[in-house]
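Observations on chain architecture
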Amino acid sequence: MDIRQVTPRYHVSPQISVEDVPALQAAGFKKVICNRPDAEVPPSHQSATIGAALAEAGIAYDVLPLTHQTMTPENVAKQAALAAKGEGPVLAYCASGTRCTVVWAFGQVGKMTTDEILQTAANAGYDLAGLRPTLDALSQQ
């Protein structure tokens, strides 16, 4: 697993597997959010399979599949709400961790400056500089 800390509470990673669940439990994750649509992965990595393994380990699990088309203000707000609920650190995963970081970034508009959002993402290893015009436009609304 390549878990990257975006904030003290919000972490992202590429696709996880059932075999990763004990390590997630040992690392103290209390919630996992799947941002990857099932159509992108084989059955062994689909949300029901991962969710069952997490439930068995006592880790909360939410599914919010995201694509470019579904990165809507409603889903940005839903991701922020899912990440805010519960105790302890949250891990969001997708194919590379980028979608999870992008949805986090959009959720920070109005709370952080564009520079702060981009620097925080960069500190986690995600270059979102291409989102600057969108983040700036959203912050003007």
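A quick note: this is a predicted structure, and the numbers were derived from the prediction, not measured. (Residues numbered from 1 in each chain as written. Predicted model: local features only at pLDDT ≥ 70, side-chain atom pairs only at ≥ 80, totals over all residues. Heavy atoms only, no water.)

Inspection of every chain in the model, using the stated rule, returns 0 aromatic pairs. Over the ring of Y126 we find R4; its NZ or CZ atom is 4.8 Å from the centre of that ring. (Phe/Tyr/Trp six-rings, centres within 6.5 Å; stacked < 30°, edge-to-face > 60°. Lys NZ or Arg CZ within 6 Å of the ring centre and 35° of its normal.)

Among the 10 residues of helix 4 (residues 98-107), 9 are classified as buried, and the element is accordingly described as predominantly covered. Buried within helix 4 are the following residues: R99, C100, T101, V102, V103, W104, A105, F106 and G107. (Buried < 20%, exposed > 50% of the residue type's maximum accessible area, 1.4 Å probe, protein only. Helix = DSSP H or I, 4+ residues; strand = E, 2+ residues; numbered from the N terminus.)

With that out of the way, let us pick up the side chain of T101. Mapped onto the elements, T101 comes out in helix 4. Looking at T101, the relative accessible area reads 0%, which means it is buried. Setting aside chain neighbours within four positions, we find T101 in contact with V6, V12, A121, Y126 and L128. (Contact = heavy atoms within 4.5 Å.)

Let us look at the environment of A39. Note on placement: A39 falls in the loop between strand 3 (31-34) and helix 2 (47-56). Assessed through its relative accessible area of 81%, A39 is described here as exposed. It is 9.9 Å that separates the C-alpha atoms of A39 and P65, two residues lying 26 residues apart in sequence.

All right, on to the environment of A23 then. Within the secondary structure, A23 is located in helix 1 (residues 21-26). Considering only alpha carbons, one finds A23 and K85, 62 residues apart in sequence, at a separation of 22 Å.

Spatially, the 5 strands line up as an open sheet ordered 1-2-5-3-4, and their pairing is mixed. Strand pairing shows two members of the sheet lacking a second neighbour, strand 1 (4-5) and strand 4 (60-63), which therefore form its edges. Sheet contacts for helix 2: strand 3, strand 4 and strand 5 (90-93); angle to strand 4, the most-contacted strand, approximately 165°. (Pairing = 2+ DSSP bridges. Axes fitted to C-alpha atoms, helices over the stretch in contact; angles between N-to-C directions.)

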